[in-house]
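Structural description and commentary
Each chain, written out:
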Amino acid sequence: MVNTLMVAALFLAASVDTPTNGDAPVVIKEIVSLTDGYHRAGCWHPFEVVLLSSKGFEGELHLEGEGADIAVRVHLQPGKETSALIPFPGGRSGEGIVVRLRASDAVVAERRYEGRLTLLGERELLVGVGGGRARMEEVEREWKEQEPTWKFFAVKAEQVAAFPDVALDGVDALVHDGKEFAGTGWRLRGGVVLSSTEFRE
């Protein structure tokens, strides 16, 4: 049986003006796992899909594969690049995951996910790090020998704030150097937020 879910709302990052791609009405520019491909069975796995429309578009964005079909409504402005955030069930291999844009029953754009997915083990912890990828890699190098079962990914505050609780329930903690996660409500939603000092302790 296909697991189908229509997400109630579409969470959009800031749109930016960008050149369009020829005459294609909609282009799926990129599909990214926001947790660097790490995911946990039984938890939702957050993805970001970058879209570009030359003339504007309204319809449904579907993330499909391995018995799941997750959809969100999208409204794209002409010539605007837009990031759509969408959760997907964890525990999948990643093979066969496809993003499709649909208007009524017609598929207007399609792209296969080509990234790597890594299923977390029962004893492995997933930690999001603020401050960009360079900062995340610094934390990862510092802790790799001490805590080899900890997995790290870089995350932005606006991504944390936009996702519904269930989409980040596979994340064990967030680490920051300032207050970038203060306005996300992550701690109020039951999440663990640590400063770099607290994390080292």
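Look up: the structure comes first, before these words.
Let me sum up the structure you'll find in this document. (Residues numbered from 1 in each chain as written. Predicted model: local features only at pLDDT ≥ 70, side-chain atom pairs only at ≥ 80, totals over all residues. Heavy atoms only, no water.)

Things to note about the pairing of strand β10 (residues 98–103)
Summarising the sheet, strand β7 (residues 57–65) and β10 pair through five bridges and their orientation is antiparallel. Residue pairing for β10: His62 is matched across the bridge by Arg100. Inspection of the sheet shows β10 paired to strand β11 (residues 106–112) by six bridges, in the antiparallel sense. Pairing of Arg102 across the sheet is with Val107, part of β11. In sequence, β10 turns back onto β11 through a hairpin of two residues, with Ser104 there showing a positive phi of about 60 degrees. (Pairing = 2+ DSSP bridges. Helix = DSSP H or I, 4+ residues; strand = E, 2+ residues; numbered from the N terminus.)

So, the packing of aromatic side chains
Applying the stated criterion across every chain yields a total of three aromatic pairs. Between Phe47 and Tyr113, the ring centres sit 5.3 Å apart and the planes meet at 90 degrees, which makes this aromatic pair edge-to-face. A residue pair is termed long-range when its members are at least 10 positions apart, and Phe47 in strand β6 (residues 44–53) and Tyr113 in the loop between β11 and β12 (118–119) qualify at 66 residues. Comparing Phe47 with Tyr113, the two get one shared label, buried. On the numbers, 5.6 Å between centres and 10 degrees between planes, the contact of Trp143 with Trp150 is stacked. (Phe/Tyr/Trp six-rings, centres within 6.5 Å; stacked < 30°, edge-to-face > 60°. Buried < 20%, exposed > 50% of the residue type's maximum accessible area, 1.4 Å probe, protein only.)

Focus on the environment of His176
Tracing the chain through its elements places His176 in strand β15 (residues 173–176). For His176, a relative accessible area of 14% translates into the label buried. Residues His176 and Ala157, spaced 19 residues apart in sequence, show a C-alpha to C-alpha distance of 10.0 Å.

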